[in-house]
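Topology and contacts: notes
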Amino acid sequence: MKRTLKFLLSAVFAVALMAGMTSALACTGYYVGKDASADGTYMIGHTVDASTTAQGCVIVVEASTEPGRTITVGDTEVPLPDVTYQYTATPFIGWLDFSNAASNEYGVSITGAVTTYISDAMQEADPYTTDGLSESWICAYIAATCSTAREAVETYGELMEIYGSSESNTFLITDQEEAWYLESYSGHQWIAVKCPDDCVAVFGNECMLGTVEDYVEGETMYCSADLFTLPEEAGLAVYDEDGNMDLYETYCGDDLLGDYSNMRTWYGHYLLAPSTAGEYETKTRYDLFYEPDELVTLEDIFDLTRSRYEGTEYCPDETGESIRIIGIERQVNCAVIQTYTDLPAAMCVVTWNTVGNADNNVYLPMSNLITDVAEMFDYIPEDYSGSSYRLNIAMTHFKRLSVLAEQDRVMYAGVSEYWKSVDSALVAEMPSILADLAELYAEDPEAAAESITAYTIEVQEQALEDADTMFDELVWYIIANTNTMPTTEQTPFVTSLMKTEEVSEG
């Protein structure tokens, strides 16, 4: 069903700011410029990593012209403009916040946040604020109120001046014209830079910007008024040999550079631009933006989100060691937001989203033009408190299959193989879906919205049915092969869905 912004942004955010909640969210962000992508689209996204039992949903929030609305953030009431826009998002179920992967009717998308960390000294110089900006609510606010990516950056800055920030984060924001990368540091300091169209970026839980002398304030960069003067006055500023302030060394410092985050940043180079990667080194600061060796496809980014450092000496499947990978099991959901530059703004965004972690799961498309989703994808129990095994929640179905398949990545690889075949089929048909939709939209926007909504619901419901089929088949496969004295060699699991698909293709 359609959700109202008033319903979503009333008292729920007061719960979101529970002590320690945001610090548990350790994610991976990624960006592909339109000139670096194989199909000419912008791509932004991040893996939402919280806990194995946290659950997410998919929602559509309707536009409104109701005056006097506010967002409750702790004990603070943040006013909303009288006019707010329709948007899609992928929040947590328990709090109906953390609306990462939010895209509105103007084609403005924001994904965030990737939690980052700054030095104790900088926190003391500019402490975090109570009830300030946080990833729990800012993405929803931006999607509801901003009609361009640049306006989104400026709005973020205005809110920072009023409320400050409760945490350190990075965000990615796009529209049809440009993309922006934003880092928030201490209680009031932040910076946003325009992303180069011919580059990509992958980053873990670490700030990435160093010196920014090549950016022009007001054109390719926006920042807080005291970003440079505050650390100077506090005696914490660090400069390079040319006298330019190094933001990473100033706000974070080398002590915060470690394998937990930096290896993920390096692996982005390894996967998308091997020529830039080299051997991994813990204390090497890798470039934020770089040109890929080849144009990047949507499925390349899907693979990135599922990555277990395959092909390197760090893959836990090879080493047997516990290591922080990108495709970690505690992903709540993952998204890749595609923005097309040649479509009407109201239908220019396709959000590819997993309900649950990306490994052994499927990416499903969601246009910013849709008005609804399949019933179980936005179902929110009234008595829900954060996590629960409930089969009327879509994520439960995808998550239980994924977890079961992860118990033996070799013998149960048929689950991943089938979902990747579904990914490929959906990606392949999307250009024709959008071409037909654009023609219909030119004649009748309302009919176009109805058409793409019906398509989205059909795809979601089919994926849910497939997940249940594979779960039942895999359970039976395990039962059939649980034998202390097997008489034949066990063959890997293959779902009947794959067999049916092969017959239909033949």
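Residues numbered from 1 in each chain as written. Predicted model: local features only at pLDDT ≥ 70, side-chain atom pairs only at ≥ 80, totals over all residues. Heavy atoms only, no water.

Take a negative patch on the surface next. A cluster of acidic residues, D436, E439, E443, D444, E446 and E450, forms a negative patch at the surface. Sorting the residues of the negative patch by element identifies α13 (414–443) and α14 (445–480) as the ones contributing at least two each. The element contributing the most residues to the negative patch is α13, with 3 residues. Residue placement: E439 occurs in helix α13. (Patch = residues over 30% accessible without salt bridge, like charges linked within 9 Å, V, L, I, M, F, W, Y side chains within 5 Å. Areas by Shrake-Rupley, 256 points an atom, 1.4 Å probe, with all protein chains shown as cover. Salt bridge = Lys/Arg side-chain N within 4 Å of Asp/Glu carboxyl O. Lys, Arg positive; Asp, Glu negative; His and termini not counted. Charge placed at Lys NZ, Arg CZ, Asp CG, Glu CD. Helix = DSSP H or I, 4+ residues; strand = E, 2+ residues; numbered from the N terminus.)

Turning to the environment of T282, a few remarks are in order. In this structure, T282 sits in the loop between α9 (274–277) and α10 (298–305). Spatially, the C-alpha atoms of T282 and W266 are 9.3 Å apart, while their sequence positions differ by 16 residues. Not counting the four nearest positions on each side in its chain, T282 is found in contact with L257, G258, D259 and N262. (Contact = heavy atoms within 4.5 Å.)

Where helix α12 (residues 394–405) contacts α14, the two axes come as close as 9 Å, and the packing angle between them is 35°. α12 and α14 meet at a crossing whose hand is left-handed. Counted together, A394, H397, F398, R400, L401, L404 and A405 of α12 and A463, L464, A467, D468, M470, F471, L474, V475 and I478 of α14 form the full contact between these two elements. Here the residues of the contact of α12 with α14 are counted per class, giving 13 nonpolar, 1 polar and 2 charged. (Axes fitted to C-alpha atoms, helices over the stretch in contact; angles between N-to-C directions. Left-handed = near helix turned anticlockwise from the far one by under 90°. Nonpolar A, V, L, I, M, F, W, Y, C, P; charged D, E, K, R; others polar.)

By the element assignment, V373 lies in the loop between β17 (364–367) and α12. The spatial distance from the C-alpha of V373 to the C-alpha of Y290 is 36 Å, given a sequence separation of 83 residues. Excluding residues that lie within four positions of it along the chain, V373 makes contacts with V58, V60, M366, D378, I457 and Q460.

The next point concerns the confidence of the model for the protein. For the protein, the mean per-residue pLDDT works out to 93, and 94% of the residues sit at or above 70. Counting interchain partners and residues more than four positions distant, the pLDDT-below-50 stretch residues 10–24 has 39 contacts. (pLDDT = per-residue confidence, 0-100.)

So, on to helix α5 (residues 149–163). For α5, with 15 residues, the first-to-last C-alpha span of 21 Å sits near the 21 Å given by 1.5 Å per residue. Those residues of α5 lying buried are A149, A152, V153, T155, Y156, G157, L159, M160 and Y163. The elements touched by buried residues of α5 are β6 (76–79), α4 (138–145), β10 (169–174), β11 (179–184), β12 (190–194) and β14 (221–223). Positive phi shows up at G164, right after α5, with a value of about 70°. (Expected span 1.5 Å × (residues − 1). Buried < 20%, exposed > 50% of the residue type's maximum accessible area, 1.4 Å probe, protein only.)

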